[in-house]
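An overview of the molecular structure
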Amino acid sequence: MKKTDMKWTGVIPAMTTAFKPDYSVDHAFIARHAQWLVKNGCAGVVALGSLGESATLRFDEKVGILKTLVAALEGKAPVVAGIASLSTMEAADLARAAETAGCSGLMVLPPYVYTSDWREMKSHLQPVIRATRLSCMLYNNPVSYKTDFLPWQIAELAEAHANLHAVKESSADVRRVTALKALCGERLKLFVGVDDLIVEGVRAGASGWIAGLVNAFPRESVALYNYAMRGEVKKADELYQWFLPLLRMDTVPKFVQLIKLVQQEVGMGHERVRAPRCVMAGSERKAALQTLKLALAKRPKV
């Protein structure tokens, strides 16, 4: 099995999980989707994250998805496994299964439901990071998970774990990037984790983007990231202005439904989601489709 090195740079999609009409996992589409994303410039893929509806997937389904992605990308780009669970033991088990499946890295989340103090959250993360030799990214998303890993805590984790190499910062506070850079220097690669903060995040020192709308718009996402990284301010700002109404879909509670709806409308996926989620309906659906229609009417060439 061919496995690529984890470099933690570029645009890495947080992939959605495709389902068949009976709501079983659509492995064939997942494989095609990943290949399409990489072909359009993405640096790898992350599976089983929040956008991947990880909480609705069984353990064996998660492992199956990882195996599908590793086989589909054939070592051409890394596969990162999102590691999230109600249980620390299960999270560590999934980390080991991801390594066996051929993944190149792990994105480690706090527990889905239980939130507590730094001592307990650290005691959850450590066995997961130590479970394998894979390169790890810490996912900080206090908005969704109610656990906020502060910069000094992240620095403490990095000092204790040589294989912790990156942070997905989804607090939506660009000052966190600045604070982490000040504490850790180049020790950690910093990724923007909310779509509508990518340009500001890069300007503050982030080096990568775990992206959502990229599932439907990979060329535009990669171009925006490249413009920002190269300091091409005018190009970045113009593309960002066009993209922002769509990127903001990544920052609301129904982001999974919205992004899958956009995928469906551009011909790259289906809006099916697993319960308790329901597909977009009523005025919310109408507004989302109108936003997309306006964006597609002015879609730039990149």
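Reference entry: report on the structure contained in this document. Here the structure is a predicted model, which is why all the values come from computation and not from measurement.

Details of the pattern of salt bridges
Tallied over the entire structure, the rule returns 17 salt bridges. In this structure, Arg274 engages Glu61 in a salt bridge whose closest nitrogen and oxygen atoms are separated by 2.7 Å. Pair noted here: Arg274 is in the loop between helix H11 (255-265) and helix H12 (282-297) and Glu61 is in helix H2 (residues 59-73), with a separation of 213 residues, a long-range link. Accessibility assignment for this pair places Arg274 and Glu61 in one class, buried. Measuring nitrogen to oxygen at the nearest pair gives 3.6 Å for the salt bridge that ties Lys76 to Glu74. The structure contains a network of salt bridges with shared partners spanning Arg58, Asp60, Glu61 and Arg274.

Some thoughts on the nonpolar core
Counting residues in each nonpolar core, the largest one holds 112 residues, and the members touching the most others are Leu66, Leu69, Leu106, Ile198, Trp209, Leu224 and Leu246. The element that contributes the greatest number of residues to this core is helix H10 (residues 233-247), accounting for eight residues. In contact with Leu224, not counting residues within four places along its chain, are Ile198, Val199, Trp209, Ala236, Leu239, Tyr240, Phe243 and Leu247.

A few points about a nonpolar patch on the surface
Nonpolar side chains collect at one region of the surface, where Leu150, Trp152 and Leu183 lie side by side and expose about 300 Å² of accessible area between them. Note that Trp152 resides in helix H6 (residues 151-160).

Description of the side chain of Arg176
The residue Arg176 is located in helix H7 (residues 175-184) in this model. Judged by relative accessible area, which is 14%, Arg176 ranks as buried. Among all residues touching Arg176, those that are not within four sequence positions of it are Asn140, Asp148, Phe149, Leu150, Pro151, Glu169 and Ser171.

Some thoughts on the sheet that holds strand E5 (residues 135-140)
Strands sit in the order E1-E8-E7-E6-E5-E4-E3-E2 across an open sheet of eight strands; the sheet is parallel. Strand pairing shows two members of the sheet lacking a second neighbour, strand E1 (10-13) and strand E2 (45-47), which therefore form its edges. Between one strand and the next, the sheet's axes are offset by a mean angle of 25 degrees, whatever the strand orientation. With four bridges connecting them, strand E3 (residues 79-83) and strand E4 (residues 105-108) associate as parallel partners. Paired with Ile83 across the two strands is Val108, which belongs to E4.

Rules of the game
Residues numbered from 1 in each chain as written. Predicted model: local features only at pLDDT ≥ 70, side-chain atom pairs only at ≥ 80, totals over all residues. Heavy atoms only, no water. Salt bridge = Lys/Arg side-chain N within 4 Å of Asp/Glu carboxyl O. Helix = DSSP H or I, 4+ residues; strand = E, 2+ residues; numbered from the N terminus. Buried < 20%, exposed > 50% of the residue type's maximum accessible area, 1.4 Å probe, protein only. Core = buried A, V, L, I, M, F, W, Y, C linked by side-chain atoms within 4.5 Å. Contact = heavy atoms within 4.5 Å. Patch = residues over 30% accessible without salt bridge, like charges linked within 9 Å, V, L, I, M, F, W, Y side chains within 5 Å. Areas by Shrake-Rupley, 256 points an atom, 1.4 Å probe, with all protein chains shown as cover. Pairing = 2+ DSSP bridges. Axes fitted to C-alpha atoms, helices over the stretch in contact; angles between N-to-C directions.

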